[in-house]
Amino acid sequence: MVNIGILGYGTVGSGVVEVINTNQESINKKAGTQINVKYVLDLKDFPGDPIQEKIVHDVNIILDDPTVNVVVEVMGGVEPAYTFVKRALLSGKSVVTSNKALVAKHGAELLEIAREKKLNFLFEASVGGGIPVIRPLNQSLTADEIKEIAGILNGTTNYILTKMDKEGLPFDTVLREAQEKGYAERNPEADVEGYDACRKIAILSSLAYGFQVDFEDIHTEGITKITDMDFKYAEKLGRSIKLIGMSRKEADKVYAIVAPFLITPDHPLYSVNDVINGIHITGNMVGDVTFIGAGAGKLPTASAVVTDVVDCAKHLGTNIMSFWSREKQELVDISKTSRAFYVRIKGSKAEKLGAVKEAFGNVRVVELENVNDEFAVVTEVMEEGRFENAAAVLGCVENRIRLW
């Protein structure tokens, strides 16, 4: 029997219990032993819920019990999760977590402790929810040098952009609807400003390239500046707007960004809509591989957590290697990278096109019917730093989105 202690009985924690109870027989068969929920830590009691008999309010009950083999951390946030997880590993317990903030900040250190103790620190659910992507990176794609990762990593923003695109609705209207449906938090900043996706691409990049990619170093933009007009121009260009977290390695240099991109229909992420997530990985041998599925939600995330629990049960006393060094990976300064840009210009074409060409060089003009007070252009590929300087001098840029 493998006993587990669950830290947190919120959405994901209750989902873990539900998955184990519902699929107990097949889970035990795959684990080769019985998976038993011995404790659940929470500040609250749950009278009437069968879980109440396992509820504890003191984490030390779990951490000091030598019969607990695996700790499942689904509390969220960096503290006290980091303190609890580190103590669990140091006391000889493997840890499974869905906590992207914890993994992005302390993943390398916690993996190192797990290796030293011949334990496991697993976090499949921290990036793609129910999409298996970390395990393939660790195990299935180890023969490859990963060249690029590009992902729609946040279901909330993807839902908002899809609704804006398909129904022509403004950002604020769709955000309210997303909040009403439970897709967005009351304070949606982490999602709509790109911070959630940033932590996820930092985790994937660290695993893919083997060194610590700090999320604070990744250039991050959200979707709050995108309007229904941008989608009208995107349609004219035959493209779609997606918030993408991406990293690319060329020689020994790594470039990473989270930002809206205009992508073409032949891109694997073009048709990933609503709350669905998609992650596209390019290896030097396997070529292109795409993972698509539910990137969040109670049961998909809980399913990924339980899969990690089963892995821990099958590898008691053996560490599943993850190549993620604590040595910091320096990122290429975004101003030195190059892209083509879609640029929305305030003012009439007759008045502004000359100045636009002077600023950006050769451009392709994009106009909408019955719109006379603005137009758009697509630039040639140019360095980010040069573009930003030119846009600042021009002074009439309403918005700009990078082209993929």
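Residues numbered from 1 in each chain as written. Predicted model: local features only at pLDDT ≥ 70, side-chain atom pairs only at ≥ 80, totals over all residues. Heavy atoms only, no water.

(A) Local environment of the layout of surface pockets. As a volume, the largest pocket reaches approximately 1,100 Å³. In terms of lining residues, the largest pocket is bounded by 41 residues, among which Val12, Lys100, Glu185, Asp196 and Ala296 are the most central. Only α1 (11–22), α5 (100–117), α6 (125–128), α8 (155–167), α10 (189–192), α11 (195–209) and α13 (298–314) provide two or more residues apiece to the lining of the largest pocket. Here the lining of the largest pocket is built from residues that sort into 16 nonpolar, 18 polar and 7 charged. (1 Å grid on protein atoms, 1.4 Å probe; cavity = no way out; pocket = protein on both sides within 12 Å on 5 of 7 lines; lining within 4 Å. Points joined across faces, edges and corners; volume = space filled by probe spheres on them. Helix = DSSP H or I, 4+ residues; strand = E, 2+ residues; numbered from the N terminus. Nonpolar A, V, L, I, M, F, W, Y, C, P; charged D, E, K, R; others polar.)

(B) Spatial organisation of the environment of Gly210. On the secondary structure map, Gly210 appears in the loop between α11 and β8 (219–220). Gly210 gets classed as buried once you look at its relative accessible area, which sits at 16%. Expressed as a C-alpha distance, the spacing of Gly210 and Lys328, which sit 118 residues apart in the sequence, is 9.6 Å. Residue contacts for Gly210: discarding those within four places in its chain leaves Ser205, Phe323, Trp324 and Ser325. (Buried < 20%, exposed > 50% of the residue type's maximum accessible area, 1.4 Å probe, protein only. Contact = heavy atoms within 4.5 Å.)

(C) Just empty space enclosed by the protein, in detail. In the structure shown here, the tally under the stated rule is 1 cavity of 30 Å³ or more. A volume near 110 Å³ is recorded for the largest cavity. Lining the largest cavity are Phe121, Leu122, Phe123, Glu124, Ile134, Arg135, Asn138, Gln139, Asp308, Asp311, Ile320 and Ser322. Among the secondary structure elements, those contributing two or more residues to the lining of the largest cavity are β6 (121–122), α7 (134–140) and α13. Broken down by element, the residue count for the lining of the largest cavity peaks at 4 residues, all from α7. Of the residues belonging to the lining of the largest cavity, the class tally is 5 nonpolar, 3 polar and 4 charged.

(D) Region of the structure containing the nonpolar core. If you look at the biggest cluster of nonpolar residues, it comprises 84 residues, and the most contacted ones within it are Phe121, Phe123, Ile149, Ile160, Ile203, Leu204 and Ile218. What Ile203 contacts, discounting residues up to four positions off in sequence, is Lys100, Val103, Ala104, Phe123, Ser126, Val127, Ile134 and Trp324. Listed in part, the 32 residues of the second largest apolar core include Phe46, Val72, Val74 and Val305. (Core = buried A, V, L, I, M, F, W, Y, C linked by side-chain atoms within 4.5 Å.)

(E) Focus on the pairing of strand β5 (residues 94–97). Alternating residues of β5 divide into Ser94 and Val96 and Val95 and Thr97, and every residue in both groups is buried. Bridge analysis of strand β4 (residues 68–73) against β5 gives 4 bridges, and the strand direction is parallel. Considered in β5, the bridge of Val72 is made with Val96. Crossover connection from β4 via helix α4 (residues 81–90) to parallel β5: handedness right-handed. With 2 bridges connecting them, β5 and β6 associate as parallel partners. Bridged to Val95 within β6 is Phe121. Chirality of the crossover, the property in question, places the unit of β5, α5 and β6 among those that are right-handed. (Pairing = 2+ DSSP bridges. Right-handed = clockwise from strand over helix to strand, strands pointing away.)

(F) Representation of unusual backbone geometry in the model. Of the consecutive residues Glu79 and Pro80, the connecting peptide bond is found in the cis state with omega at 5 degrees. Considering the arrangement of structural elements, one finds Pro80 in the loop between β4 and α4. We note that Asp274 has phi near 60 degrees; this positive angle belongs to a residue other than glycine. Tracing the chain through its elements places Asp274 in the loop between β10 (253–263) and β11 (276–283). Notably, Asn370 is not glycine yet its phi reads approximately 65 degrees, a positive angle. Take Asn370: it is sitting in the loop between β15 (363–366) and β16 (374–379).

(G) Focus on the packing of α1 against α13. Where α1 contacts α13, the axes come no closer than 8 Å and their chain directions differ by 65 degrees. On the basis of their axis angle, the class for α1 and α13 is roughly perpendicular. The handedness of the crossing between α1 and α13 comes out as right-handed. Residues Thr11, Val12, Ser14, Gly15, Val16, Glu18, Val19 and Ile20 of α1 form the contact with α13, whose own contacting residues are Lys298, Leu299, Thr301, Ala302, Ser303, Val305 and Val306. Classifying every residue of the contact of α1 with α13 by side-chain character gives 8 nonpolar, 5 polar and 2 charged. (Axes fitted to C-alpha atoms, helices over the stretch in contact; angles between N-to-C directions. Parallel < 35°, antiparallel > 145°, perpendicular 65-115°, else oblique. Left-handed = near helix turned anticlockwise from the far one by under 90°.)

(H) Main features of the side chain of Arg400. Relative to the elements of secondary structure, Arg400 occurs in strand β18 (residues 397–403). Since its relative accessible area comes to 17%, Arg400 is described here as buried. A distance of 3.0 Å separates the side chain of Arg400 from the side chain of Glu221, its partner in a polar contact. Only 3.2 Å separates the side chain of Arg400 from the side chain of Glu388, close enough to count as a polar contact. (Polar contact = N/O pair within 3.5 Å; in protein donor to acceptor, adjacent residues only side chain to side chain.)

(I) How the structure looks around the packing of α5 against α11. Two numbers describe how α5 lies on α11: the axes approach to 9 Å, and their chain directions differ by 45 degrees. Taken together, α5 and α11 sit at an angle that is classed as oblique. Between α5 and α11 lies a crossing whose hand is left-handed. Contacts between α5 and α11 involve Lys100, Ala101, Val103 and Ala104 from the former and Asp196, Arg199, Lys200 and Ile203 from the latter. Split by residue class, the contact of α5 with α11 holds 4 nonpolar, no polar and 4 charged.

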